[in-house]
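# Structural features, examined
Chain residues, written in single-letter form:
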Amino acid sequence: MPDLTKQEPAAAAPVAPRGGTVLEVRNVTLKFGGLTALDDVSFEIAEGEILGLIGPNGAGKTTCFNAVTGVYRPTSGDILFEGASIIGLKKHKITQKGIARTFQNIRLFPTMTALENVLVGTDAQHTTGMLSALFRLPRHRREEEQGHARAMELLRFMGIHRKADELAANLSYGDQRRLEIARAMATGPKLICLDEPAAGFNPAEKVELMNLIRKVRDQGYTVLLIEHDMKLVMGVTDRIVVLEFGRKIAEGAPAEIRDNPAVIAAYLGVDEEDAS
Amino acid sequence: MNLNFEFFFNNLPELTITGLAFGAIYALIALGYTMVYGVLQLINFAHSEVFMYGTFAMLWTIMALGAADANGVHLVAILIAALFAAMAMSAVIALGLERIAYRPLIKRNAPRLIALISAIGASFVLAELMGLRDKISGWFGLDDDLSDYVQKAKINNSMAGVLEKPRFEIAGVSISSIDVIVIVSAVAMMVLLDQFVRRSRLGKGIRATAQDPETASLMGVNPTRTIQMTFLIGGLMAGVAAFLYMLKLDATNYQVGFLLGVKAFTAAVLGGIGNLRGALLGGLVLGVAENWGQAILGSEWRDVIAFVLLVLILLVRPTGLLGESLGKARA
Amino acid sequence: MKKLSALPKPAKILIWFLIALFAYALPLLELPILSTPDSDFASVLFTVSIYCLVALGLNIVVGYAGLLDLGYVGFYAIGAYTVAILTSFHGSWPLLLAIPVAVVVAMISGVILGAPTLRVRGDYLAIVTLGFGEIIRLVAVNTEWLGGNKGINNIGRPPNLGDEKTGLFEVPHLFWGDGTVLLDNKDTTKFLIFGYSDAVPYYWMGLTAVVLVLLADILIKNSRVGRAWEATREDEDAAELMGVPTFKFKLLAFSTGAFVGGLAGALFASRQSFINPQSFLLLFSILYLAAVVVGGQGNRWGVLLGAFLVAYLPERFRGFEDFRVLAFGLALVLLATLRPEGLLPPRRTVRAKQLEHELDELEEGAEPDHDGEETARA
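### Observations concerning the overall build of chain B
Helix and strand counts for chain B stand at 14 helices and four strands. In terms of C-alpha radius of gyration, chain B reaches 20 Å, essentially the compact-globule figure of 20 Å for 331 residues. Based on the C-alpha atoms only, the size of chain B along its principal axes is roughly 55 × 55 × 40 Å. In chain B, the share of contacts with a sequence separation of at least 24, taken over all contacts with a separation of at least 6, comes to 76%. Just so you have it, chain B exposes about 13,900 Å², and 63% of that area is on carbon and sulfur atoms. If you average the places of the 24 positive and of the 22 negative side-chain charges in chain B, the two averages end up 14 Å apart.

So, in structure tokens, the structure goes:
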């Protein structure tokens, strides 16, 4: 198996010690006009952890992702990444700092090849500009080579390297989901946010995905996971945060969450089939 | 460049009224752009030709019915006939455009740039057909029979002298009666249309499609019919604009649509594209600004003013003066 | 195309060299099927080369970055006017010094226009650029300092090589008789004299610029910059979330396009030796856009083909002059309806279509088995 801890220099050495806090969401409130999408939400993610973010539809999970990745700016509260606030940073800056994400409804670059999609990800840590490219300066060569090798490595890791030269739009649904994860990993992140990666998967594929998420973590990434499938969430996460109507109603290990009466009332009760 | 403020301040009321008259015409054309954009997110580049055909329909009706010798009730009757002819002509062209240049693309969900190219192509075809009407009727041996209508295909065709344009004075301000007619009828049309879109079933269908085509069609709104209606209304309004334009300026030619179309689109963006009231406001603001500006800077700067205004407004307020929405929901 | 890319590298280089040689020799060959009976063939070819240049530049903006620019002629005009002012109207700079200045001025104007407008939505960009193109022209019409409606003449020409009478050497044109081909020693092009009547040296100059821009295009497209442009075009938000500073790259595309447009305008001005605002009508912006879209936006070979067709066909068929625009309009409508991705769509689009087709035919079957590493490109 390829060694994926071998990252590019910019993203190489983790700043926080293993087990330290990677992301801290501190009393974040987010309002759209009169609607409160997130209400005083706080949680932390430790290095190397897989944290599940669950809740019924409309609970504010994706909104929470969007706040973390800079799409929305919280009305109040703070979000710290490796100890520094990322509020107000441009989206691409946040990505370059080390937070990557996938999308609930797949958003690849459809008319670019799978490889090119991942290369765009690796470019997040690159600085080649117009002149380097035009005169094929050493920086361009170096970054192209590194990026290319890394991109192929990631495609192989996700098991889609044979489709490297196919258009993203032509990939099967499952491969598109895998490609999205590869592209996110390519940006050289410390924290990967997966937004319902198992949506539309059959049970066998879900099991495969569970293994994959563990493998991603074992490579040294921290994972924040939104998922509907309770079996998957319970099976793969270290800790779970439960949202309902924009508020955090519970937090703890999967076993604790399973037995938490508030969660059962709010969520499991509604989605019993998923939970069993 | 000399700034002529003295002239400007001495003639401010007259300049404003003439500006409003031009603005009202821009606004009526702008409706066609704004509605089609609201529903399809498409810049209907050929809408300017819809207007241009209306001006010729008006002109030819006046000629055919012998308005030069008519007066009184007879003349009014001829003018009403000319108005209907212009509206009918513009509506037919607009519907034809939708059928030939857009529907095949919309069906295939083609990229918007392609639809724009198709629109540009259609615009060229329509303008050139009018500009080559002498040659084309020659192929069919009709140029003699139609000589009054097809001659001078490439130059201005005028109906000057058919209408008297009395001026009257209010409080020392000389006002052209035509300007008053233009402004009043244009604003009246806009108010009617606004109410129609707001209240009628069809209007609601248009607004629903503008907001969310998929849901609208699930709710039983027929998208093709709605799009047709949008083009039809835009065409009818362009026909009214063509009629008023001819009343005011008397002359037209096969290229008259282009600059007017660009300005009308500017008016639509200025007011907030997709927004009917915005089109009215944008048109009036543009007309007045242009007329004021040319009084101060000189008429050669007239067209620059329109574009500078557009660029400035978009930079300060990217969604236009009143914001974008055909249904009010997309603020 | 497929076969070509499979050839070994020296063969490929040889083929490209022959193609380039043919392109340079084109005006000397006077091929009867290509020649334009009613206008000077070399002049037409020069126009074609300028259109190619413009189309390549606009393709970066429209085809790669997905920014709809309806006022591209504005940058072309800025390039032309800068050269005209510096070499004739308000100075007597040598052309070779004026061209870089013209190009930089065009690029700066691209940044100035782009910085505020690239933040607004795409459709508005179309209208703002349309307005910009018109403003540039109208300002030229109304400003005496820019020559007003009369325009500017005596614009500087490129420097000659060799003696004015003969040049370094003379290249004969071909003469096609009845079934025979002769070297026509009376009809020669002096290498390299930029005179009034012979347009061939200007065509060579234009073609050289096209080749250089084409090379730069290939190098840039195949890099982080090109990928960032495409990602931004495909999904701006997703690109931003993958770490692409989309605004910066849009501005880069816009100003690069302006750079090329300015270059084209500068070369045009020096060939015509005379410009007036009539050379920069809005119609030209639309023709340029048509060239890009007709050929296949996003594919540099496609847009070159498009530029060739848009510039050449009207000259070839001057007999039908009255119906040129009509035919052109019809062609645009038909093309949009029947072949919306252009005559030569990007190769990847072709591949996608083929795959779709194969999948349709095979329903199920062995999937096309590429080896990832072999097909992957650097």
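From this point, the narrative continues.
### Remarks on the packing of helix H7 (residues 200–221) of chain C against helix H12 (residues 300–316) of chain C
Think of two packed helices as two axes; the pair is described by the angle between the axes and how far apart they sit. Residues and elements named next belong to chain C. Between H7 and H12, whose axes approach to 11 Å, the crossing angle comes to 150°. As the angle between them shows, H7 and H12 are arranged roughly antiparallel. When the axes of H7 and H12 are compared, the crossing they make is right-handed. On the side of H7, the interface is formed by Val210, Leu214, Asp217, Ile218 and Lys221, while H12 contributes Arg300, Trp301 and Leu304.

### Observations regarding the interface of chain A and chain C
Counting residues at the interface gives 45 residues for chain A, matched by 40 residues for chain C. Counting the surface lost from both chain A and chain C, the interface buries some 3,900 Å², and carbon and sulfur atoms represent 57% of this. Looking only at chain A, the three residues that lose the most surface to chain C are Met130(A), Arg162(A) and Asp165(A), adding up to 17% of its buried area. At the boundary of chain A with chain C, the tally comes to five salt bridges. Where chain A meets chain C, there are twelve residue pairs in polar contact (both at pLDDT 80 or more). For the side of chain A that touches chain C, the secondary structure elements donating two or more residues are helix H2 (91–97), helix H3 (114–122), helix H4 (130–134) and helix H5 (138–157) of chain A. Split into classes, the residues belonging to the side of chain A that touches chain C amount to 15 nonpolar, 16 polar and 14 charged.

### So, the sheet that holds strand E10 (residues 247–252) of chain A
Residues and elements named next belong to chain A. Across the sheet, which stays open at both edges, the six strands sit in the order E6-E7-E8-E3-E9-E10 with mixed pairing between neighbours. Every interior strand has two partners, whereas the edge strands, strand E6 (99–101) and E10, have only one. Neighbour to neighbour, the strand axes of the sheet diverge by 20° on average, direction disregarded. Here strand E7 (residues 191–195) pairs with strand E8 (residues 222–226) via five bridges, running parallel. Each bridged residue has a counterpart across the sheet, and for leucine 191 the counterpart in E8 is threonine 222.

### Notes on the packing of aromatic side chains
The geometry of an aromatic ring pair is captured by two quantities: the separation of the ring centres and the angle between the planes. All names here are of chain B. Taken as a whole and assessed by the stated rule, the structure comprises 29 aromatic pairs over all chains. Geometrically, the ring pair formed by tyrosine 102 and phenylalanine 231 is tilted, given 5.4 Å between the ring centres and 40° between the ring planes. Of this pair, tyrosine 102 sits in helix H4 (residues 72–108) while phenylalanine 231 sits in helix H11 (residues 223–249), placing them 129 residues apart in sequence. The pair tyrosine 102 / phenylalanine 231 is uniform in exposure class, with both members buried.

### Regarding the sheet that holds strand E5 (residues 84–85) of chain A
Residues and elements named next belong to chain A. Pairing in this open sheet of four strands is antiparallel, and the strands run E2-E1-E4-E5 from one edge to the other. Two strands close off the open sheet at either side, each with one partner strand: strand E2 (35–46) and E5. When strand E4 (residues 76–81) meets E5, the two strands line up antiparallel, connected through two bridges. Bridged to phenylalanine 81 within E5 is alanine 84. Along the sheet, helix H1 (residues 61–68) makes contact with strand E1 (21–32), E2 and E4, crossing E1 at roughly 115°.

### Considerations on the side chain of Thr187(A)
Assignment of secondary structure puts Thr187(A) in the loop between helix H6 (173–186) and E7. Judged by relative accessible area, which is 0%, Thr187(A) ranks as buried. Within polar-contact distance, the side chain of Thr187(A) engages the backbone oxygen of Ala184(A) at 2.8 Å. If sequence neighbours within four positions are ignored, Thr187(A) has contacts with Thr95(A), Ala100(A), Gly121(A), Thr122(A), Ala124(A), Gln125(A) and Met242(C).

### Let's talk about the interface of chain B and chain C
With 40 residues of chain B at the interface, the matching set in chain C holds 37 residues. The contact between chain B and chain C buries some 3,600 Å² in all, and 81% of this surface belongs to carbon and sulfur atoms. Among the residues chain B hides against chain C, the three largest losses belong to Leu113(B), Ile117(B) and Phe124(B). Together they make up 16% of the total. Across the contact surface, chain B and chain C share zero salt bridges.

Rules used in this analysis
Residues numbered from 1 in each chain as written. Chains lettered and ligands numbered in written order. Predicted model: local features only at pLDDT ≥ 70, side-chain atom pairs only at ≥ 80, totals over all residues. Heavy atoms only, no water. Helix = DSSP H or I, 4+ residues; strand = E, 2+ residues; numbered from the N terminus. Rg over C-alpha atoms; globule rule 2.2 N^0.38 Å. Contact = heavy atoms within 4.5 Å. Areas by Shrake-Rupley, 256 points an atom, 1.4 Å probe, with all protein chains shown as cover. Lys, Arg positive; Asp, Glu negative; His and termini not counted. Charge placed at Lys NZ, Arg CZ, Asp CG, Glu CD. Axes fitted to C-alpha atoms, helices over the stretch in contact; angles between N-to-C directions. Parallel < 35°, antiparallel > 145°, perpendicular 65-115°, else oblique. Left-handed = near helix turned anticlockwise from the far one by under 90°. Buried area = accessible area lost by both parts, 1.4 Å probe. Salt bridge = Lys/Arg side-chain N within 4 Å of Asp/Glu carboxyl O. Polar contact = N/O pair within 3.5 Å; in protein donor to acceptor, adjacent residues only side chain to side chain. Nonpolar A, V, L, I, M, F, W, Y, C, P; charged D, E, K, R; others polar. Pairing = 2+ DSSP bridges. Phe/Tyr/Trp six-rings, centres within 6.5 Å; stacked < 30°, edge-to-face > 60°. Buried < 20%, exposed > 50% of the residue type's maximum accessible area, 1.4 Å probe, protein only.

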